[in-house]
Amino acid sequence: MTILDGKKVSNDIKNEIKQQVDRMKAKGEKVPHLAAIIVGNDGASLTYVGSKVRACERVGFESTMVRMSNTTSEIELLDKIEELNQNDDIDGFIIQLPLPPQINTQKVLMAVDPSKDVDGFHPENFGKMALDMSTFIPATPFGILELLDRYGVQTDGKHTVIIGRSHIVGRPMSILMGRKGFPGNSTVTLTHSHTKNITQITSQADIIISALGVPNFLKAEMVKDDVVIIDVGITRVEDKNSPKGYIITGDVDFENVSKKASYITPVPGGVGPMTIAMLLKNTLLAREQRM
């Protein structure tokens, strides 16, 4: 069994990006600039955006964090997005989700200039991805592809089962794993909360990508020997023995499933670190396109 070490691979990618940025600086070119808008005081969101800012510092990017209050109106947020769209100094920006209830998330994501949409959520970019055109791939799916690629995990002709159909992970992964090329060329089954006899499906899978958000959902008896497991789930589970009072758990019963798997991502340290690395990669791509 091989651990798909997202922490190590994401560090490799950041080092590669830093080298590119150093070359840009040496030529006197403008370095990439990533901005993030965060609305409200959600603890997990603040932590996540903070880690993105630190990642930018590490690779030599400029970064801007735009903090807006929990009572921000939709109009105020849309005005701020338009300001960033028009700002030539900013190459890419993200809007940290979730947004407060008074704001229509779909409307907000539609307002982002597709050429600065480094999260890959705009319908124009999603559509290009579905048509196999060059575009920004959403950071988490992009990170999964990169892990499979760098570890040389065979996907051609394999049966890939995806658990969860979110717009951020499940649905884009179902498109990407079925596309021509590597990683891809697999036969994809997309499962979700209404899927019947899910064990029957997962037990036939060569590759399982789980993005459900249910701790320890995927058990050893649900998978076959030598399966490849990508665990996107990340949930805080109460644990009185932990100093923090909780532990981070994925969708997969790691202890038991890992005994049958050929490759598996840990949680934490698997897909999570890859997401930020690929966001940086998309921002570098945005800067190159703007040049």
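Refer to the structure above for everything that follows.
About the cut-offs
Residues numbered from 1 in each chain as written. Predicted model: local features only at pLDDT ≥ 70, side-chain atom pairs only at ≥ 80, totals over all residues. Heavy atoms only, no water. Pairing = 2+ DSSP bridges. Helix = DSSP H or I, 4+ residues; strand = E, 2+ residues; numbered from the N terminus. Buried < 20%, exposed > 50% of the residue type's maximum accessible area, 1.4 Å probe, protein only. Contact = heavy atoms within 4.5 Å. Core = buried A, V, L, I, M, F, W, Y, C linked by side-chain atoms within 4.5 Å. Axes fitted to C-alpha atoms, helices over the stretch in contact; angles between N-to-C directions. Parallel < 35°, antiparallel > 145°, perpendicular 65-115°, else oblique. Nonpolar A, V, L, I, M, F, W, Y, C, P; charged D, E, K, R; others polar. Salt bridge = Lys/Arg side-chain N within 4 Å of Asp/Glu carboxyl O.

Participant: Residues and numbers for the sheet that holds strand E5 (residues 159-163), please.
Facilitator: Neighbouring strands of a sheet are bound in pairs by backbone hydrogen bonds; such pairs are parallel or else antiparallel. Pairing is parallel across the open sheet formed by six strands, whose spatial order is E1-E11-E8-E7-E5-E6. Pairing within the sheet leaves two strands with one partner each, and these edge strands are strand E1 (2-3) and strand E6 (187-191). Where strand E7 (residues 207-210) and strand E8 (residues 228-231) come together, four bridges link them in parallel fashion. Bridge assignment links Ile 207 to a residue of E8, and that residue is Val 228.

Participant: How would you summarise the side chain of Thr 191 if you had to cite specific residues and measurements?
Facilitator: Mapped onto the secondary structure, Thr 191 falls in strand E6. Given a relative accessible area of 1%, Thr 191 falls into the buried group.

Participant: Break down the side chain of His 159 for me, with residues and values.
Facilitator: Within the fold, His 159 resides in strand E5. Here His 159 falls in the buried class, since its relative accessible area comes to 16%. Apart from residues no more than four positions distant in its own chain, His 159 is found in contact with Thr 187, Thr 189, Ile 201, Gln 204, Ala 205, Asp 206 and Ile 207.

Participant: Give a description of the nonpolar core that names residues and reports values.
Facilitator: Within the largest apolar cluster, 48 residues are counted, with the highest numbers of intra-cluster contacts made by Ile 17, Phe 61, Ile 144, Met 173, Ile 209, Ile 230 and Val 232. When residues of this core are traced back to their parent elements, those giving at least two are helix H1 (6-26), strand E2 (33-39), helix H2 (43-59), helix H6 (139-150), helix H7 (170-178), E7, E8 and helix H10 (271-290). Apart from the residues within four sequence positions on either side, Met 173 is in contact with Pro 141, Ile 144, Leu 145, Ile 162 and Ile 209.

Participant: Please provide a residue-by-residue account of the sheet that holds E2, values included.
Facilitator: On the basis of which strands lie adjacent, the open sheet formed by three strands has the order E3-E2-E4 and parallel pairing. The open sheet has two edge strands, strand E3 (62-68) and strand E4 (92-95), and neither has a second partner. Direction aside, the axes of adjacent strands within the sheet are offset by 15 degrees on average. Relative to E3, E2 runs parallel, the two sharing seven bridges. Directly across from Ala 35, in E3, lies its bridge partner Thr 64.

Participant: For the packing of H6 against H10, give the residues involved together with the corresponding values.
Facilitator: Relative to each other, H6 and H10 sit at 105 degrees, their axes nearing to 7 Å. On the basis of their axis angle, the class for H6 and H10 is roughly perpendicular. Contacts between H6 and H10 involve Ala 139, Thr 140, Phe 142, Gly 143, Ile 144, Glu 146, Leu 147 and Arg 150 from the first element and Val 271, Met 274, Thr 275, Met 278, Leu 279, Lys 281 and Asn 282 from the second. Its residues assigned to classes, the contact of H6 with H10 comprises eight nonpolar, four polar and three charged.

Participant: Lay out H7 in plain terms, naming residues and giving numbers.
Facilitator: Turning to H7, its buried residues are Gly 170, Pro 172, Met 173, Ser 174, Leu 176 and Met 177. In this structure, the buried side of H7 is in contact with helix H5 (123-130), H6, E5, E6 and E7.

Participant: Please provide a residue-by-residue account of the pattern of salt bridges, values included.
Facilitator: This structure, assessed with the given rule, holds 15 salt bridges. In this structure, Lys 107 engages Glu 74 in a salt bridge whose closest nitrogen and oxygen atoms are separated by 3.1 Å. Highlighted residues: Lys 107 in helix H4 (residues 105-111) and Glu 74 in helix H3 (residues 74-86), separated in sequence by 33 residues. A relative accessible area of 45% means that Lys 107 is categorised as partly exposed. Residue Asp 88 is joined to Arg 290 by a salt bridge in which the shortest nitrogen-to-oxygen separation is 3.5 Å.

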